[in-house]
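Here's the letter readout for the chains.
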Amino acid sequence: QAVVTQEPSLTVSPGGTVTLTCGSSIGPVTSGLYPYWFQQKPGQAPRTLISDTSNKHSWTPARFSGSLLGGKAALTLSGAQPEDEADYFCLLSYGAAGPVFGGGTKLTVL
Amino acid sequence: QLQLQESGPGLVKPSETLSLTCSVSGDSITNSDFHWGWIRQTPGKGLEWIGSKYYSGNTYYNPSLKSRVTISLDTSKNQLSLMLTSVTAADTAVYYCARVLGPTGPNFWGQGTLVTVSS
């Protein structure tokens, strides 16, 4: 089974910009893996931020954006707010092998 | 407003069957745009896709769980259900139901329910 890799932790200053990445052990991440991004705060269920690489939902703050960058999926947060401190998970869909989640990135806003 | 609410026993004995139900309001599980599925989360293994089902019958299961998992849709009650047989302590997790965009990923999650496997 493929392994999906994320940075274990990142720190961003309030108002700053940070990019989280999501890699695949079996090759570059493409749009065909339909990358998803989720935000999870302590004690809460995950919330979907980005679907299919870059599609936002109605509840996704405008400061979040999804893209492909250097063979990985990327989630960029521009203008970080204290409330953005959370765990962020990505998901890649490998067809018949199924969707696989990354281990998550703990984002600190400090 | 879409809401998904999981329910079921919080404690299951080893070797028994875990059964959960997810009640959906604010959308129909026959909505042709979506599948419906289950995901679980453990401190050790993180998030794990269990499977998803489309109202017309198409079903996908995680290959590592396929032999033990059944996902069903009850259109009369607008509910989805999960059965996981022969559970062990490794199945202890928070279980989430979700609305799924095609077979690719969840766009909306339930609040989750903790299931502990213990004698």
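Computed from a prediction, not measured in an experiment: that's the story for all the values here.

Draft legend 1. Structural detail: the sheet that holds strand β3 (residues 17-24) of chain A. All names here are of chain A. An order of β1-β3-β8-β7 is seen for the 4 strands of this open sheet, with the pairing classed as antiparallel. Two strands bound the open sheet, and with one partner strand each, they are β1 (4-6) and β7 (64-69). Each adjacent strand pair in this sheet contributes to an overall mean axis angle of 25°, direction not counted. Across 3 bridges, β1 lies against β3 in antiparallel orientation. When the sheet's bridge partners are listed, T5 is paired in β3 with G23.

Draft legend 2. Local environment of the packing of aromatic side chains. Applying the stated criterion across every chain yields a total of 9 aromatic pairs over all chains. Between F38 of chain A and W109 of chain B, the aromatic rings sit 5.3 Å apart at their centres with planes inclined by 80°, giving edge-to-face as the arrangement. Here the residue F38 of chain A occupies a position in strand β4 (residues 36-40), and W109 of chain B occupies one in strand β10 (residues 105-109), the pair thus bridging two chains. Residue classification places F38 of chain A among the buried residues on the basis of a relative accessible area of 0%. A ring pair is formed by Y54 of chain B and Y55 of chain B, whose centres lie 4.9 Å apart and whose planes are at 55°; its orientation type is tilted. Following the ring pairs from residue to residue traces out a cluster consisting of Y36, F38 and F101 of chain A together with W49, Y96 and W109 of chain B. The ring of F34 of chain B carries R99 of chain B above its face, with NZ or CZ at 4.0 Å from the centroid.

Draft legend 3. Here's a closer look at the sheet that holds strand β1 (residues 3-7) of chain B. All names here are of chain B. Spatial ordering of the open sheet is given by β1-β3-β8-β7, a layout of 4 strands whose pairing is antiparallel. Each end of this open sheet is capped by a strand with a single partner; those strands are β1 and β7 (69-74). Neighbouring strand axes in the sheet, compared pairwise and without regard to direction, differ in orientation by 20° on average.

Draft legend 4. Focus on the state of the cysteines. Residues and elements named next belong to chain B. Going through the model one piece at a time under the given rule, you end up with 2 disulfides over all chains. Bridging C22 to C97, the disulfide has an S-S length of 2.1 Å. Note on the C22 and C97 pair: the S-S dihedral is about 55°, so by sign convention the disulfide is right-handed. Of the two residues, C22 is situated in strand β3 (residues 18-25) and C97 in strand β9 (residues 93-101); the sequence distance between them amounts to 75 residues. Residue C22 is classed as buried on the basis of its relative accessible area of 0%.

Draft legend 5. A look at the pairing of strand β8 (residues 72-78) of chain A. Residues and elements named next belong to chain A. Among the 7 residues in β8, 5 count as buried, and that is most of the element. Inspection of the sheet shows β3 paired to β8 by 6 bridges, in the antiparallel sense. The residue of β8 that forms the bridge with V18 is L77. Here β7 folds back onto β8, and the loop between the two strands holds 2 residues, one of which, G70, carries a positive phi near 60°.

Draft legend 6. Spatial organisation of the interface of chain B and chain A. Taken together, the 18 residues of chain B in the interface contact 21 residues of chain A. Buried surface at the junction of chain B and chain A, summed over both partners, amounts to about 1400 Å²; 63% is from carbon and sulfur atoms. Per-residue buried area on chain B facing chain A is highest for L47, T104 and W109 of chain B; these three make up 38% of the total on that side. Connecting chain B to chain A are 0 salt bridges. Run the count over chain B and chain A and you get 9 residue pairs in polar contact (both at pLDDT 80 or more).

Draft legend 7. Structural view of unusual backbone geometry. In the Ramachandran plot, T53 of chain A falls in the positive-phi region, its phi being about 75° despite a non-glycine side chain. Within the fold, T53 of chain A resides in the loop between β5 (47-51) and β6 (55-56). Overall, T53 of chain A belongs to the buried group, its relative accessible area being 11%. Positive phi values are uncommon outside glycine, yet S86 of chain B reaches one of about 50°. Note on placement: S86 of chain B falls in the loop between β8 (79-84) and β9.

Procedures and definitions
- Residues numbered from 1 in each chain as written.
- Chains lettered and ligands numbered in written order.
- Predicted model: local features only at pLDDT ≥ 70, side-chain atom pairs only at ≥ 80, totals over all residues.
- Heavy atoms only, no water.
- Pairing = 2+ DSSP bridges.
- Helix = DSSP H or I, 4+ residues; strand = E, 2+ residues; numbered from the N terminus.
- Axes fitted to C-alpha atoms, helices over the stretch in contact; angles between N-to-C directions.
- Phe/Tyr/Trp six-rings, centres within 6.5 Å; stacked < 30°, edge-to-face > 60°.
- Buried < 20%, exposed > 50% of the residue type's maximum accessible area, 1.4 Å probe, protein only.
- Lys NZ or Arg CZ within 6 Å of the ring centre and 35° of its normal.
- Disulfide = S-S within 2.5 Å.
- Contact = heavy atoms within 4.5 Å.
- Buried area = accessible area lost by both parts, 1.4 Å probe.
- Salt bridge = Lys/Arg side-chain N within 4 Å of Asp/Glu carboxyl O.
- Polar contact = N/O pair within 3.5 Å; in protein donor to acceptor, adjacent residues only side chain to side chain.

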